[in-house]
4 protein chains.
Amino acid sequence: MAKIKEVRCIRTRTNGTWVIVKIITDQPGLYGIGSASEHYHAATVVTAIEESLGPMLIGREVSRIEDIWQSLFTSGYWRAGSILNAALGGIDMALWDIKGKEAGMPVYDLLGGASRAAVPCYAHAGGQDHEALVDDIQRYIDEGWPVIRCQLGGYGGGGFLDDAIKPKNAWSDAAAFDDEAYLEAIPAMFDFLRKRLGFGPKLTHDVHEHLRPQVAVALAKRLEDYRLYFLEDVLAPEQIDWFRLMRQQCTTPQAMGELFVNVHEYLPLISERLIDFVRVRVSKGGGITPCRKIATLCEFYGVNTAWQEGGDNDPVNQAAAMHLDMSSYSFGIQEENHFSDEELEAFPGHATMDGGYMYSNGQPGLGIDIDEEKAAKLLKAEPLKAYFAAADRRADGSIVRP
Amino acid sequence: MAKIKEVRCIRTRTNGTWVIVKIITDQPGLYGIGSASEHYHAATVVTAIEESLGPMLIGREVSRIEDIWQSLFTSGYWRAGSILNAALGGIDMALWDIKGKEAGMPVYDLLGGASRAAVPCYAHAGGQDHEALVDDIQRYIDEGWPVIRCQLGGYGGGGFLDDAIKPKNAWSDAAAFDDEAYLEAIPAMFDFLRKRLGFGPKLTHDVHEHLRPQVAVALAKRLEDYRLYFLEDVLAPEQIDWFRLMRQQCTTPQAMGELFVNVHEYLPLISERLIDFVRVRVSKGGGITPCRKIATLCEFYGVNTAWQEGGDNDPVNQAAAMHLDMSSYSFGIQEENHFSDEELEAFPGHATMDGGYMYSNGQPGLGIDIDEEKAAKLLKAEPLKAYFAAADRRADGSIVRP
Amino acid sequence: MAKIKEVRCIRTRTNGTWVIVKIITDQPGLYGIGSASEHYHAATVVTAIEESLGPMLIGREVSRIEDIWQSLFTSGYWRAGSILNAALGGIDMALWDIKGKEAGMPVYDLLGGASRAAVPCYAHAGGQDHEALVDDIQRYIDEGWPVIRCQLGGYGGGGFLDDAIKPKNAWSDAAAFDDEAYLEAIPAMFDFLRKRLGFGPKLTHDVHEHLRPQVAVALAKRLEDYRLYFLEDVLAPEQIDWFRLMRQQCTTPQAMGELFVNVHEYLPLISERLIDFVRVRVSKGGGITPCRKIATLCEFYGVNTAWQEGGDNDPVNQAAAMHLDMSSYSFGIQEENHFSDEELEAFPGHATMDGGYMYSNGQPGLGIDIDEEKAAKLLKAEPLKAYFAAADRRADGSIVRP
Amino acid sequence: MAKIKEVRCIRTRTNGTWVIVKIITDQPGLYGIGSASEHYHAATVVTAIEESLGPMLIGREVSRIEDIWQSLFTSGYWRAGSILNAALGGIDMALWDIKGKEAGMPVYDLLGGASRAAVPCYAHAGGQDHEALVDDIQRYIDEGWPVIRCQLGGYGGGGFLDDAIKPKNAWSDAAAFDDEAYLEAIPAMFDFLRKRLGFGPKLTHDVHEHLRPQVAVALAKRLEDYRLYFLEDVLAPEQIDWFRLMRQQCTTPQAMGELFVNVHEYLPLISERLIDFVRVRVSKGGGITPCRKIATLCEFYGVNTAWQEGGDNDPVNQAAAMHLDMSSYSFGIQEENHFSDEELEAFPGHATMDGGYMYSNGQPGLGIDIDEEKAAKLLKAEPLKAYFAAADRRADGSIVRP
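Cut-offs and rules
Residues numbered from 1 in each chain as written. Chains lettered and ligands numbered in written order. Predicted model: local features only at pLDDT ≥ 70, side-chain atom pairs only at ≥ 80, totals over all residues. Heavy atoms only, no water. Salt bridge = Lys/Arg side-chain N within 4 Å of Asp/Glu carboxyl O. Helix = DSSP H or I, 4+ residues; strand = E, 2+ residues; numbered from the N terminus. Buried < 20%, exposed > 50% of the residue type's maximum accessible area, 1.4 Å probe, protein only. Pairing = 2+ DSSP bridges. Axes fitted to C-alpha atoms, helices over the stretch in contact; angles between N-to-C directions. Core = buried A, V, L, I, M, F, W, Y, C linked by side-chain atoms within 4.5 Å. Contact = heavy atoms within 4.5 Å. Buried area = accessible area lost by both parts, 1.4 Å probe. Polar contact = N/O pair within 3.5 Å; in protein donor to acceptor, adjacent residues only side chain to side chain. Nonpolar A, V, L, I, M, F, W, Y, C, P; charged D, E, K, R; others polar. Expected span 1.5 Å × (residues − 1). Least-squares fit on C-alpha atoms with pLDDT ≥ 70 in both.

Peer 1: Even after reading the chapter, I still don't get the pattern of salt bridges, so can you show me in this structure?
Peer 2: Oppositely charged side chains are able to pair whenever their charged atoms sit close together. Counted under the stated rule, the structure contains 134 salt bridges over all chains. Between arginine 281 of chain A and aspartate 312 of chain A there is a salt bridge, with the nearest N and O atoms lying 3.0 Å from each other. Of this pair, arginine 281 of chain A sits in the loop between strand E11 (277–278) and helix H10 (282–285) while aspartate 312 of chain A is found in the loop between strand E12 (304–305) and helix H12 (315–327), placing the two residues 31 residues apart along the sequence. Relative accessible area serves as the criterion here: at 15%, aspartate 312 of chain A is assigned to the buried category. By sharing partners, the salt bridges in this structure join Lys202 of chain A together with Asp178, Asp179, Glu180, Arg212 and Arg394 of chain C into a single network.

Peer 1: Looking at this structure, I do not really get the sheet that holds strand E2 (residues 18–25) of chain D. What am I missing?
Peer 2: In a beta sheet, neighbouring strands are held together by backbone hydrogen bonds and run either parallel or antiparallel to one another. Residue and element names in this part refer to chain D. Strand order in the open sheet formed by three strands is E1-E2-E3, with antiparallel pairing between adjacent strands. If you trace the sheet from one side to the other, it starts and ends with strand E1 (4–12) and strand E3 (31–35), each paired once. For this sheet the average axis-to-axis angle between neighbouring strands, irrespective of direction, equals 20°. Pairing of E2 with E3, which is carried by five bridges, proceeds in the antiparallel orientation.

Peer 1: Is there a simple way to think about the nonpolar core in this case?
Peer 2: The tendency in soluble globular proteins is for nonpolar side chains to be buried side by side. Membership of the largest hydrophobic core comes to 505 residues, with the highest contact counts inside it found for Leu193 of chain A, Leu193 of chain B, Leu193 of chain C together with Leu193 of chain D. Those residues within four positions of leucine 193 of chain B in sequence are excluded, and the remaining contacts are Leu133, Val134, Ile137, Cys150, Gly198 and Leu203 of chain B.

Peer 1: Quick question: what am I supposed to make of the interface of chain D and chain A here?
Peer 2: When the parts come together, some accessible area is lost, and that loss is often what is quoted as the size of the interface. Each partner contributes residues to the interface: chain D has 59 residues there, and chain A has 60 residues. When chain D packs against chain A, close to 5400 Å² is buried across both sides, 60% of that on carbon and sulfur atoms. When the buried area of chain D at its contact with chain A is split by residue, Tyr77, Trp78 and His264 of chain D rank highest and sum to 17% of it. Remark: the boundary between chain D and chain A carries four salt bridges. Between glutamate 238 of chain A and arginine 79 of chain D there is a salt bridge whose closest N-O contact spans 2.9 Å. For the pair chain D and chain A, the number of links is 25 residue pairs in polar contact (both at pLDDT 80 or more). For the side of chain D that touches chain A, the secondary structure elements donating two or more residues are helix H1 (42–57), helix H2 (65–73), helix H3 (82–103) and helix H9 (263–271) of chain D. The greatest single-element share of the side of chain D that touches chain A, amounting to nine residues, is contributed by H1 of chain D. Across the side of chain D that touches chain A, the residue classes break down as 28 nonpolar, 14 polar and 17 charged.

Peer 1: Whenever I open this one, helix H12 (residues 315–327) of chain D confuses me. Can you help?
Peer 2: Helical geometry: 3.6 residues make up each α-helical turn, so side chains three or four residues apart lie on a common side. Residues and elements named next belong to chain D. Helix length check: H12 (13 residues) gives 19 Å between terminal C-alpha atoms against 18 Å at 1.5 Å per residue, within 8%. Summarising burial for H12: 13 of the 13 residues are buried, a large majority. Two to three positions downstream of the cap, the backbone nitrogen of valine 316 sits 2.8 Å from a side-chain oxygen, assigning the N-cap of H12 to aspartate 314.

Peer 1: What is the right way to read the relation of the copies chain D and chain A from this model?
Peer 2: The two copies are related by a screw operation: chain D maps onto chain A through 179° of rotation and 0.0 Å of translation along the axis, at an RMSD of 0.1 Å. What the rotation and shift describe, once combined, is the action of a two-fold rotation axis. Closest approach to the rotation axis among the C-alpha atoms of chain D is made by glycine 81 of chain D, whose C-alpha sits 1.7 Å away. Taken as a fraction of all interface residues of chain D, those also at the interface in chain A reach 100%, which identifies the copy contact as same-surface.

Peer 1: Explain the interface of chain B and chain A to me, please; I cannot follow it from the model alone.
Peer 2: The interface is formed by 33 residues belonging to chain B together with 33 residues belonging to chain A. Carbon and sulfur atoms supply 57% of the area that chain B and chain A bury against each other, a total of about 2600 Å² over both sides. Counting across the interface, chain B meets chain A through four salt bridges. A salt bridge links aspartate 109 of chain A to lysine 99 of chain B; the shortest N-O distance between them is 3.4 Å. Summed over the shared surface of chain B and chain A, the result is 13 residue pairs in polar contact (both at pLDDT 80 or more). Those elements giving two or more residues to the side of chain B that touches chain A turn out to be helix H2 (65–73), helix H3 (82–103), helix H4 (107–110), helix H9 (263–271) and helix H11 (288–301) of chain B.

Peer 1: Got a minute to help me understand unusual backbone geometry in this structure?
Peer 2: When glycine is set aside, most residues are seen to have a negative phi, and most peptide bonds are trans. We note that arginine 13 of chain A has phi near 70°; this positive angle belongs to a residue other than glycine. Mapped onto the secondary structure, arginine 13 of chain A falls in the loop between strand E1 (4–12) and strand E2 (18–25). Assessed through its relative accessible area of 15%, arginine 13 of chain A is described here as buried. One non-glycine residue, aspartate 233 of chain C, lies in positive phi territory at about 50°.

Peer 1: Sorry, what's going on with the sheet that holds strand E2 (residues 18–25) of chain B here?
Peer 2: Residues and elements named next belong to chain B. Judged by pairing direction, the sheet is antiparallel, and its three strands sit side by side in the order E1-E2-E3 without closing on themselves. Of all strands in the sheet, those bounded by a partner on one side alone are strand E1 (4–12) and strand E3 (31–35). In this sheet, neighbouring strand axes are inclined to one another by 20° on average, regardless of whether the strands run parallel or antiparallel. Pairing of E1 with E2 involves eight bridges; the strand directions are antiparallel. Paired with glutamate 6 across the two strands is isoleucine 24, which belongs to E2.

Peer 1: Teacher, can you tell me more about the pairing of strand E4 (residues 119–127) of chain B here?
Peer 2: Across a regular strand the side chains alternate sides, sitting on one face of the sheet and then on the other. All names here are of chain B. Summarising burial for E4: seven of the nine residues are buried, a large majority. Inspection of the sheet shows E4 paired to strand E15 (residues 357–359) by two bridges, in the antiparallel sense. What sits directly across from valine 119, in E15, is methionine 358. When E4 meets strand E13 (residues 334–335), the two strands line up parallel, connected through two bridges. Within E13, the residue paired with cysteine 121 across the bridge is glutamine 334. Across six bridges, E4 lies against strand E5 (residues 147–152) in parallel orientation. Bridging from a neighbouring strand, alanine 125 pairs with cysteine 150 of E5.

Dropping the structure here:
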């Protein structure tokens with residue numbers, strides 16, 4: 001029986017925000033990889049893996065994934081935080097990768113087999129104004145994407161006022177975020193889009209948790225007539241109990257969860273059917289083992305999965321999501337991710353995108369590998385430090401929760 | 001990719017109540033087996049498999065278990081009944097057996113790997129009176145069984161009155177079942193047992209759903225001080241909403257579910273934490289695919305599994321339960337089953353019992369096979385017909401729900 | 001006192017999907033018939049009746065319907081599934097038929113007597129496009145039907161996209177089902193219909209459980225302004241807890257239940273007033289005995305009955321529904337069924353339809369008989385095998401629950 | 001206005017599990033210290049502070065604690081995990097220390113002023129058997145401690161069976177944890193203690209989350225008559241919804257929360273009054289800023305604070321707790337901590353214990369400093385690695401959640 005011999009991390013991408021875990025066994029040539037990437041605290045995750053969790057794994061049998069997961073989950077007494085979850089998630093993926101290789105099967109076959117031919121994804125469209133946005137959306141429609149996310153002017157999607165009235169001693173020169181401006185801008189955007197595109201295209205919007213909760217509820221209600229495929233992250237994770245009120249007010253489908261790391265964040269939302277799509281990032285949820293359980297939970301309650309991907313994530317996490325997508329009956333839609341050719345070359349076997357669908361190569365395990373030499377070349381700068389996830393503020397200078 | 005070529009049933013045991021499904025693929029020597037045994041309606045299950053579900057499977061790829069399960073589950077439009085669940089359950093087990101063989105791994109490895117070294121089981125002790133019962137329990141304790149079920153006078157466990165006052169035109173000469181007599185007998189039995197054995201041994205009792213619900217609640221409360229490991233099937237499946245009242249009244253742990261075939265029977269009990277052990281029979285639940293999901297559901301809510309085995313079940317269903325037990329973190333305890341040597345010889349690779357633990361042989365797939373020649377010899381009589389699960393009546397002649 | 005002497009099945013209609021139970025007593029000429037038809041698993045139901053339940057009935061007194069029902073219901077220990085319910089339902093109807101003949105009264109008289117002169121029914125209108133549909137509806141209006149079901153393009157009622165973009169390795173060439181297309185199509189259909197027909201005609205629509213639950217809720221809300229008589233089967237039976245959310249969102253009347261076989265499916269919906277019409281098929285519910293109880297339950301909560309009939313059902317089940325309709329105060333509306341002249345000739349005494357009303361012949365018992373010779377001639381092909389209730393899939397190849 | 005110039009960590013105690021944060025301002029001699037100790041992942045916390053959070057703070061005004069807290073809390077997008085909370089908690093304490101020094105006031109004065117003269121604490125008594133335990137308790141009583149925690153045989157407090165019957169292929173030689181043995185042992189312990197000590201002494205017990213939830217509920221109920229001051233950590237943080245059931249069953253006061261890092265863990269328990277004492281560790285909760293808010297929340301609902309201290313915590317965290325204790329109206333009791341003389345010398349100004357009360361020195365800020373030279377001498381070994389919080393397993397080898 002194969003045992004764990006070494007656990008180490010490979011940092012890559014421009015400034016080292018991608019963290020790939022490699023677990024090497026005592027069997028010649030048998031190893032697995034996983035994703036523990038973290039845009040803001042990559043060094044912290046690496047320390048957790050290489051100085052704490054990794055050393056505890058040496059000599060453990062690779063086959064016992066559930067047992068390893070349970071014992072690592074509580075190994076630091078405190079649990080269910082983004083740093084330790086990501087570290088555990090990367091380890092868990094690598095163990096499933098190894099198990100698939102041992103079985104000679106893609107991981108989705110171990111999880112119950114393909115439930116679909118390929119994985120439909122949603123694209124990220126954006127534009128500084130309505131015309132630019134509709135052009136971008138049309139481009140994705142033409143390429144065949146089944147669902148398209150629509151953002152105005154980038155990350156936050158609208159609501160920044162250059163001319164907001166600030167106090168005399170203003171803390172910042174940056175455009176101020178304004179809840180009511182957002183509540184005006186986004187329904188207007190969808191009004192424009194539905195007039196131009198009709199109701200055929202499936203559209204979503206991502207709020208990035210920026211709104212005060214009462215404004216979030218109002219936004220969801222005002223968007224109801226535009227029939228979104230879903231509205232994403234309309235509340236900050238601290239305020240998710242407001243979904244109860246939102247559900248009384250409108251039928252706008254809700255997608256939430258990329259920030260979830262704790263069972264008490266997603267269990268009530270799913271079991272009370274307060275959201276429609278759960279969007280945990282596979283690594284941040286703690287890997288395939290717990291995310292498969294979340295997918296199962298979703299099936300009982302009629303909720304769908306839409307695992308988070310997006311800009312700062314890596315091809316290994318994408319592969320892990322894809323295997324869950326392929327096999328889960330409760331799968332709904334997958335967020336896309338784009339990589340440069342150079343990036344993809346460092347990850348032979350990566351998933352391929354075509355016309356809005358993601359395809360597995362059907363190879364054993366996760367089907368993806370890392371070319372460490374090429375990965376090293378991707379690393380072009382000092383590791384990222386001191387980067388704020390979001391530094392948006394309102395006109396008075398107060399923090400906007402991302 | 002292996003495809004299904006043939007699906008057939010093998011009926012065995014004395015009067016043919018064991019139904020073993022065999023799925024043969026187009027790959028030389030690659031097949032799997034599953035259990036669809038049914039003590040009361042075996043012929044009906046065989047018809048369902050051989051005349052309905054089986055023919056629909058020909059040519060389907062064996063790897064896509066989840067997809068096959070979902071499409072068969074709704075193939076007859078109406079779903080979630082004991083006959084179709086058993087048929088589907090046998091097919092599902094056979095597909096997991098095949099997948100394990102293809103992977104070269106025991107099924108528990110496909111499900112996430114071993115969470116424990118072996119599977120602790122509970123034994124069935126019984127006796128016509130207190131002394132005979134305590135002797136039987138002591139025998140099991142001496143053998144090392146971790147948990148022991150205690151029944152007085154057989155199946156129903158007490159409450160039959162030879163001298164019940166019946167109407168002049170009584171419908172039956174048999175001993176009458178009496179709820180209040182049961183409410184007197186079982187606490188007295190545990191009072192005797194705890195005085196003799198102390199509180200070290202872990203004891204359970206099975207009510208077999210015989211009681212009126214208000215008496216069931218009273219029984220659970222009266223048993224509280226005897227600290228059962230669990231009280232089993234204290235309510236009929238039609239009356240499980242009474243668990244809410246029971247939970248307000250006492251902490252007696254509740255095990256329920258061998259009769260469950262429908263999600264609306266177990267989902268509320270688990271998600272509202274109204275029971276402590278869920279006892280679905282793996283085949284009657286629809287196989288490994290849905291029971292793995294139930295085990296996952298249990299984990300979220302702190303409920304444990306105790307898959308049903310017992311007298312009328314077969315070694316293949318036992319093997320399926322064992323693989324779930326080995327891999328599920330939410331596993332609690334496994335019901336035992338005894339087979340004759342002759343029966344075991346017809347199932348090479350069967351699980352082995354030693355000192356109250358069940359052991360897997362670690363072979364690929366379910367690890368169990370059927371020797372069809374020996375199985376044919378086990379079949380010694382005409383198939384069982386017209387057998388009532390329970391024909392107990394109260395003194396006035398009215399039916400007692402089993 | 002008459003006792004049961006023989007229980008047998010007659011399979012008829014083209015490929016044998018109709019199963020008529022005949023119970024023959026020891027009294028000369030005294031027999032009854034019932035319906036146990038099953039489009040997908042008819043052979044399985046026949047086995048259940050002829051090899052399990054039937055033999056247990058021999059010698060039992062026909063008068064004790066309730067006692068027989070209770071003892072058969074639990075005779076196989078596991079209960080409340082579509083196969084055993086249908087078998088039991090056919091037996092139960094035949095016993096009521098016998099009791100009516102013994103009394104010289106139509107069954108509705110035994111159930112309390114006529115509450116109405118005749119039974120209003122709803123018709124099935126359909127069309128490939130709006131114009132064809134409105135013509136079909138107008139024809140029914142002209143004939144006098146009080147309520148009309150409106151479907152676009154057949155069974156599923158809309159939402160199939162011939163031009164859906166599928167993955168390169170698509171699993172099927174068939175038109176893909178699309179939830180959002182459905183959400184667009186059906187409100188548009190009713191918008192057209194209300195503009196052409198006004199709000200006088202009472203219209204319904206049947207979703208056949210095809211939608212993801214969040215889309216189902218949105219559909220119900222979007223249809224509110226079109227004032228349906230009811231929206232039918234908007235959720236799959238596994239997801240009926242979503243009715244709670246639906247009730248918060250809109251007043252669209254809900255009809256649900258043709259797939260219900262378990263008390264835990266209908267009891268909460270009725271007692272919490274989450275649906276407005278309960279639509280169990282009388283045979284699948286287990287016969288007249290339990291369906292009379294469901295009708296009683298409905299009366300307490302202000303819910304109405306709308307027993308399922310429709311394409312694959314037979315004239316005997318229709319007669320059983322009619323007797324419940326005639327006598328139940330909680331009756332709402334009856335689904336129609338069409339039969340060919342040749343089919344009707346095999347069932348002398350069948351109900352008659354005129355101007356949207358169904359009429360009983362007032363004869364003793366169910367008032368319907370089977371001409372076995374003519375029934376034999378209806379059987380023109382091998383029994384149906386390997387027929388999927390629904391094989392609809394979404395564009396990505398995943399199963400749509402029927 | 002003082003600005004942050006440097007943020008660094010000092011690791012101390014034997015193997016470096018104490019992490020003290022030092023924030024140095026641009027004002028001569030103005031600095032503050034905080035606690036970010038972490039027994040299992042200290043290196044990871046240090047990386048988080050020195051490589052991520054610290055660099056983001058340079059130049060920020062020290063006076064804006066709330067603003068810094070809010071922006072750091074979401075600085076890594078994902079939040080509310082033990083690593084980042086501890087890092088943030090250490091920073092937050094240091095900022096309050098600075099503010100106190102600037103004001104020339106102890107921190108409790110900034111928080112509203114002293115609500116009490118000193119802080120009553122609870123002691124940790126233990127023993128291998130009943131007699132040894134009662135002696136230890138008596139010693140604390142004699143010393144004047146107002147509340148005493150009672151443990152049998154160390155950490156887990158009972159329930160380990162040396163003679164548990166294990167499977168032949170047992171995974172471990174260690175004593176097995178057994179829920180039912182625990183359920184027997186602890187009530188017996190309190191029965192003994194109450195008989196010997198009467199009901200005068202205030203006693204608690206700490207379960208350390210070891211029990212299956214249904215056994216936890218039973219334990220709480222069985223302990224009711226022994227009138228504990230509180231029962232601590234009777235459930236794992238994943239299973240805290242079982243408190244609802246526990247509250248229906250008994251009045252045993254509940255203390256919970258040393259593992260809480262997420263608002264959704266403590267908000268429902270406090271606002272539904274499901275616990276009586278909240279026990280967050282001040283650093284793990286994110287510092288004085290959020291813990292002051294938790295104390296405020298508690299006051300609204302009649303819940304009390306009992307901030308976690310104990311073996312692996314340091315004098316700086318103790319000081320932070322003490323300032324909250326002194327000023328919070330909702331304060332209940334404070335857990336004690338023992339330090340060696342050598343350890344205390346490295347922290348001049350530390351709190352003093354006398355007769356079960358903790359006393360502040362009344363100095364500005366937290367009133368405690370670190371002597372870095374002496375702290376360096378405390379560090380006598382390599383930093384701790386690969387240490388499991390809990391490696392307890394049941395007889396079958398399965399993991400016990402700590």
